[in-house]
Amino acid sequence: HRDLHSFPTRRSSDLSKLAVCIRDKGLVEIFDFNPNTGMVSSPRKISMAEYSQPYGLEFSPNGSLLYVSYSRPESTILQFNLRYSQDEDLTANAVEIARSDTDNLYFALQIGPDSKIYTAQYRQNYLGVIEKPDEQGIECCYNNLGVNLGYRKSTLGLPNFKIGRASCRERV
């Protein structure tokens, strides 16, 4: 029995893809997903020797890009273009959008109701923000000082539910 917290999972907004981090193996897997049948297919793997311990992941709003935070050897956020069909091309064309020193570690990633992607930065007074997550490369505009938390500090995680969606009352 494995700890499910070791396997953060995300789905694309159109429900056509799923992605999962397998932290202890330094691996991210991406699958096509059929929401009508619940079947996953076409597994793809992201395994990069120079990066280990993927922690957070999130799809861009249009589902064409996947963002992954790595905690080792240096904390990094990479952007993967899912239009590449081969695993080797996917990893070879990854773009580093943020790299941190040891004082600022990137962990959870979470898309907000404004379609920006937020980043937990361990023991920092700010959340990082990917301002334009549908844009490729540095055009996505990563901002390390995106949301000021005042005297509070970020830790490893962010909410594991989609913020800004229908409330419980609206769903009843």
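Residues numbered from 1 in each chain as written. Predicted model: local features only at pLDDT ≥ 70, side-chain atom pairs only at ≥ 80, totals over all residues. Heavy atoms only, no water.

Q: Looking at this structure, I do not really get the overall build of the chain. What am I missing?
A: Within the chain, the secondary structure is distributed over two helices and 12 strands. Element order for the chain, N to C, with α for helix and β for strand: β-β-β-β-β-β-β-α-β-β-β-β-β-α. For the chain, the residues scored as buried account for 42% of the 172 residues in total. Within the chain, contacts between residues separated by at least 24 positions form 43% of all contacts whose residues are at least 6 apart in sequence. (Helix = DSSP H or I, 4+ residues; strand = E, 2+ residues; numbered from the N terminus. Buried < 20%, exposed > 50% of the residue type's maximum accessible area, 1.4 Å probe, protein only. Contact = heavy atoms within 4.5 Å.)

Q: Whenever I open this one, the confidence of the model for the chain confuses me. Can you help?
A: Caution applies to low-pLDDT parts of the model: their predicted coordinates are not meant to be read in detail. Summarising the model, the chain shows a mean pLDDT of 83, and 85% of its residues fall at 70 or more. Counting interchain partners and residues more than four positions distant, the pLDDT-below-50 stretch residues 1-5 has four contacts. A low-confidence stretch, residues 163-172 (pLDDT under 50), is modelled with five contacts involving residues beyond four sequence positions or located in other chains. (pLDDT = per-residue confidence, 0-100.)

Q: It is not clear to me how the sheet that holds strand β9 (residues 106-111) should be interpreted in this structure. Could you clarify?
A: Sheets are built from strands paired through backbone hydrogen bonds, the pairs being either parallel or antiparallel. Here we have four strands laid out as an open sheet, ordered β9-β10-β11-β12, and antiparallel in their pairing. Because the sheet does not close on itself, it has two edges, and the strands there are β9 and β12 (142-148). Each strand of the sheet is rotated relative to its neighbour by a mean of 35 degrees, with strand direction disregarded. Where strand β10 (residues 117-121) and strand β11 (residues 126-130) come together, three bridges link them in antiparallel fashion. Bridge pairing in β11 places Ile-117 opposite Ile-130. (Pairing = 2+ DSSP bridges. Axes fitted to C-alpha atoms, helices over the stretch in contact; angles between N-to-C directions.)

Q: Whenever I open this one, the environment of Glu-50 confuses me. Can you help?
A: Tracing the backbone through its elements, the reader meets Glu-50 in the loop between β4 (39-46) and β5 (52-59). Separated by 24 residues in sequence, Glu-50 and Glu-74 have C-alpha atoms that sit 9.6 Å apart.

Q: In this structure, what is going on with the pattern of salt bridges? I would like to understand it.
A: Side-chain pairing between opposite charges can occur once the charged atoms of the two side chains come close. Applying the stated criterion to the full structure yields four salt bridges. With a closest N to O distance of 3.0 Å, Glu-58 and Arg-10 form a salt bridge. Taken together, the positions of Glu-58 in strand β5 and Arg-10 in strand β1 (residues 9-11) put the pair 48 residues apart, joining distant regions of the chain. We note that Glu-58, like Arg-10, is buried. The closest approach of N and O atoms between Lys-45 and Glu-29, which form a salt bridge, is 3.9 Å. Taken as a pair, Lys-45 in strand β4 and Glu-29 in strand β3 (residues 27-34) lie far apart in primary sequence, 16 residues in all. (Salt bridge = Lys/Arg side-chain N within 4 Å of Asp/Glu carboxyl O.)

Q: Which parts of the structure should I look at to understand the sheet that holds β5?
A: Read from one edge to the other, the open sheet built from four strands follows the order β5-β6-β7-β8, with strand pairing classed as antiparallel. Two strands bound the open sheet, and with one partner strand each, they are β5 and β8 (95-99). Neighbouring strand axes in the sheet, compared pairwise and without regard to direction, differ in orientation by 25 degrees on average. Note: strand β7 (residues 76-81) against β8, four bridges, orientation antiparallel. If you follow Ile-77 over to β8, its bridge partner there is Ala-98.

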